[in-house]
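# Understanding the architecture of this molecule
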Amino acid sequence: MKPDKFIEVINVTKEFNDGTKALDNCSLTFDNQKVTVIIGPSGSGKSTLLRMLNLLELPTSGDIMFEGNSILKDKVDLRVHRESTGMVFQNFNLFPHLTVLDNINLAQISVKQKTKKEATEISLNLLSQVGLLNKQNNYPSQLSGGEKQRIAIVRALALSPKVMLFDEPTSALDPEMIKEVLAVMKSLAKSGMTMIVVTHEMDFAKKFADHIVVMDKGKIIEEGHPDLIFNNPKHSRTIQFLDSVLNK
Amino acid sequence: MTLLLAVISVVLGTVLGLIPAFLRLSSNKFAKFIGTAYVEIIRGTPLLVQVLLIYSMIKLKVFIFLGIDLSSFIPGMLALLINSSAYVSEVIRGGILSVDKGQREAGLSLGLTQGTIMKKIIMPQAVKNIIPALGNEFVTMIKETSIFMYLGIAELMYSALIIRSDTYAIKETYIVVALLYFLLTYPTSKWMSSIERRLKVSEAR
């Protein structure tokens, strides 16, 4: 059991080829079994920061530690790291040519070396938990957005990750579908899963986050307990941002 | 003869076309350069020149097999293959690039290897975009076999040349030749579009 400093981001800067700085000297720590929500205006670097945690983006400088070890050293097997960090995307990114069941089975079989039978058992169990057991043989194109995102969450969970990364999981959904996806995320949070969530869902942030990180223009401008951030924000940009999202 | 040439060149050309396609998609700069150079050079020079060049470089003894003179068939085939591989590689590359990059990211985030992602996720989706364009290439190939008359291979145009000098019916001969080419290409495009339709059905499922 490693209670603290589960993931550590140290002085990370990300500069794109065209010279724009997506992240500017960011340092922060994510705790084990805690839900961290990253908020901020679009273009503030939230998604870049999240995508860096499983190295879909590589930092220009700085270091990222996972359970005390740098994941940027040459000898680190990226695949092993990515296996233990589940990721959920804004656009679901389900594999359209595979059935729901095959979507969830694929990585279990080819990464975790499970047999088809073992994988299917896990998949069906998870599907029933999100109430989509009857969709196992459907193709993604036959599902609603909310169903797709729940399947995407299940697909990541099937590898029993140590942390779940959510990149604006509800931004591409209709309001009534947001609810069903948030419900799954809430029960996941209650089960003690370490979660790092980039979202505009302030209600979720208020009720389920253990820690809020506010970003603007590639910098972390404020972080702390939700009560503190929502009721007593210090930074003027935080006040401005919360004003604009809460009173829309 | 014409059909045989076209079938061989497209089938083997597809296999060969995978190589420059992946070279160009590689992140390795040198591999990318080789792939791009190959495609640009082949596409930038006339097929006729390539055929005659390869024919003059590879000198084989006359060797008749099943009524085909392999000494001119093999170099001719080789030239057509090389030519076809360059065009097909662009079709394949386009097909692969048309798959949303989120698919690759999703694969990576699940810990899949690049190879598995290509084989199980990208290629099955790319094929749907590749097949129609490949059909196009197939029809083009059938027509381009006409170039082999310069090597004395008994394809359609060569036969036409002989008939023309026997009968002096120039116009008539070429009209028949055009018809015969069309008879080969039309069913081919029909066949390709039926494959396309079937692929679309599988997607809508």
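One can find the structure itself at the top, above this paragraph.
Now for a quick tour of the structure. (Residues numbered from 1 in each chain as written. Chains lettered and ligands numbered in written order. Predicted model: local features only at pLDDT ≥ 70, side-chain atom pairs only at ≥ 80, totals over all residues. Heavy atoms only, no water.)

Next up on the list: the environment of E201 of chain A. All names here are of chain A. One can find E201 in the loop between β8 (194–198) and α7 (202–208). As a C-alpha pair, E201 and K112 span 89 residues in sequence and 33 Å in three-dimensional space. Leave out the neighbours within four places in its chain, and E201 touches T170, I178 and L182. (Helix = DSSP H or I, 4+ residues; strand = E, 2+ residues; numbered from the N terminus. Contact = heavy atoms within 4.5 Å.)

What follows covers the packing of aromatic side chains. Residue and element names in this part refer to chain A. Scanning the entire structure with this criterion turns up 3 aromatic pairs over all chains. The interplanar angle of 15 degrees and the centroid separation of 5.7 Å between the aromatic rings of F204 and F208 together place this pair among those described as stacked. Of the two residues, F204 and F208 both sit in helix α7, 4 residues apart, roughly one turn of that helix. No difference in accessibility class separates F204 from F208, as the two residues are buried. Taking the ring centre of F95 as reference, the NZ or CZ of R155 above it sits at 4.4 Å. Note that K206 overlies the ring of F230, its terminal NZ or CZ placed 5.5 Å from the centroid. (Phe/Tyr/Trp six-rings, centres within 6.5 Å; stacked < 30°, edge-to-face > 60°. Buried < 20%, exposed > 50% of the residue type's maximum accessible area, 1.4 Å probe, protein only. Lys NZ or Arg CZ within 6 Å of the ring centre and 35° of its normal.)

This part covers the pattern of salt bridges. Counted under the stated rule, the structure contains 14 salt bridges over all chains. A salt bridge links K21 of chain A to D24 of chain A; its shortest N-O distance comes to 3.9 Å. Salt-bridge contacts for E180 of chain A lead to R150 of chain A; the nearest nitrogen and oxygen are separated by 2.9 Å. With E180 of chain A in helix α6 (residues 175–190) and R150 of chain A in helix α5 (residues 145–157), the pair connects residues that are 30 residues apart, well separated along the chain. With relative accessibility at 26%, the residue E180 of chain A sits in the partly exposed group. Several salt bridges share partner residues, and in doing so they unite K14, R51 and E57 of chain A together with K101 and E105 of chain B into one network. (Salt bridge = Lys/Arg side-chain N within 4 Å of Asp/Glu carboxyl O.)

Okay, a nonpolar patch on the surface next. Residues and elements named next belong to chain B. A contiguous nonpolar surface patch, about 350 Å² in accessible area, is contributed by F30, F33 and I34. Tracing the backbone shows I34 in helix α2 (residues 29–43). The class for I34 is partly exposed, based on a relative accessible area of 37%. (Patch = residues over 30% accessible without salt bridge, like charges linked within 9 Å, V, L, I, M, F, W, Y side chains within 5 Å. Areas by Shrake-Rupley, 256 points an atom, 1.4 Å probe, with all protein chains shown as cover.)

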